[in-house]
Amino acid sequence: MSDTTGRTQGAGYEIGVSKTVPYPVADVWELITSPEGIALWLGEGADLTPTRGAPYRTADGTVGEVRGYRELDRVRVTARPAGWDHDTTMQVTVSASGPGRTQVRFHQEWLAGPEERVRQRAHWKDVMAAVERALAAPNE
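Residues numbered from 1 in each chain as written. Predicted model: local features only at pLDDT ≥ 70, side-chain atom pairs only at ≥ 80, totals over all residues. Heavy atoms only, no water.

### Quick look at helix α3 (residues 114-136)
Given 3.6 residues per helical turn, the α-helix brings residues three or four places apart onto the same face.
Here comes step 1: With 23 residues, α3 extends 33 Å from end C-alpha to end C-alpha; this agrees with the ideal 33 Å at 1.5 Å per step.
Here comes step 2: Every buried residue of α3 is accounted for by Pro114, Glu116, Arg117, Gln120, Trp124, Val127, Met128, Ala130, Val131, Ala134, Leu135 and Ala136. (Helix = DSSP H or I, 4+ residues; strand = E, 2+ residues; numbered from the N terminus. Expected span 1.5 Å × (residues − 1). Buried < 20%, exposed > 50% of the residue type's maximum accessible area, 1.4 Å probe, protein only.)

If you want it as structure tokens, here you go:
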């Protein structure tokens, strides 16, 4: 992987992870925006108010604010994890991908460089796997 992989002109380094899951959009949205789901992708203790500019804080010290919240579509937030010297922007989107199927996308931009991008790619893959497990749990 070159040092410029994932580098954009306008948003620094970025990473995206997506997966189509066999659940309707409403079910996926309900999980993603529930306290359990928010803990999976944003961190324990975060309480997101669906209002632009609303601040949040996680139990591990990440701070940020809501940048966008579109029901049954997307949540966009800024984040500054504890120990980071810069903000990043994260977004989760859900969209129908056929009957009873949803594409889930996690996207993060304004990463500091290629090493941070590699770490966050692994992080988002782990998050996606956790979301899949949580979606499957009620059906097991």
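Once you've had a look at it, read on.
### Here's the deal with helix α1 (residues 25-32)
Here comes step 1: Within the span of α1, buried status applies to Val25, Val28, Trp29, Leu31 and Ile32. Taken around the axis of α1, the buried residues stretch over an arc of 160°, which confines them to a single face. (Arc of directions from axis to C-beta.)

### Structural notes on the sheet that holds strand β6 (residues 102-111)
Here comes step 1: Overall, antiparallel pairing links the 6 strands, which are arranged β1-β6-β5-β4-β3-β2 in an open sheet. In this open sheet, the two strands that pair with only one neighbour each are β1 (13-21) and β2 (55-57). Along the sheet, successive strands turn relative to each other by an average axial angle of 20°, direction set aside.
Here comes step 2: Relative to the sheet, α1 contacts β1, β3 (63-70), β4 (74-79), β5 (88-96) and β6, its axis offset from that of β5 by approximately 155°.
Here comes step 3: Running over the sheet, α3 touches β1, β5 and β6 and is turned about 20° from β1. (Pairing = 2+ DSSP bridges. Axes fitted to C-alpha atoms, helices over the stretch in contact; angles between N-to-C directions. Contact = heavy atoms within 4.5 Å.)

### Digging into the nonpolar core
Here comes step 1: Among the nonpolar cores identified, the biggest contains 34 residues, and Trp41, Leu42, Leu48, Val77 and Phe106 are the most heavily contacted of them.
Here comes step 2: Sorting the residues of this core by element identifies β1, α1, α2 (35-41), β4, β5, β6 and α3 as the ones contributing at least two each.
Here comes step 3: Looking at which element gives the most residues to this core, the answer is α3, with 7 residues.
Here comes step 4: In this structure Trp41 touches Ile32, Leu48, Val75, Val77, Val92, Phe106, His123, Trp124 and Val127, once residues within four positions along its chain are discounted. (Core = buried A, V, L, I, M, F, W, Y, C linked by side-chain atoms within 4.5 Å.)

Any link to function would need more than the numbers given here.
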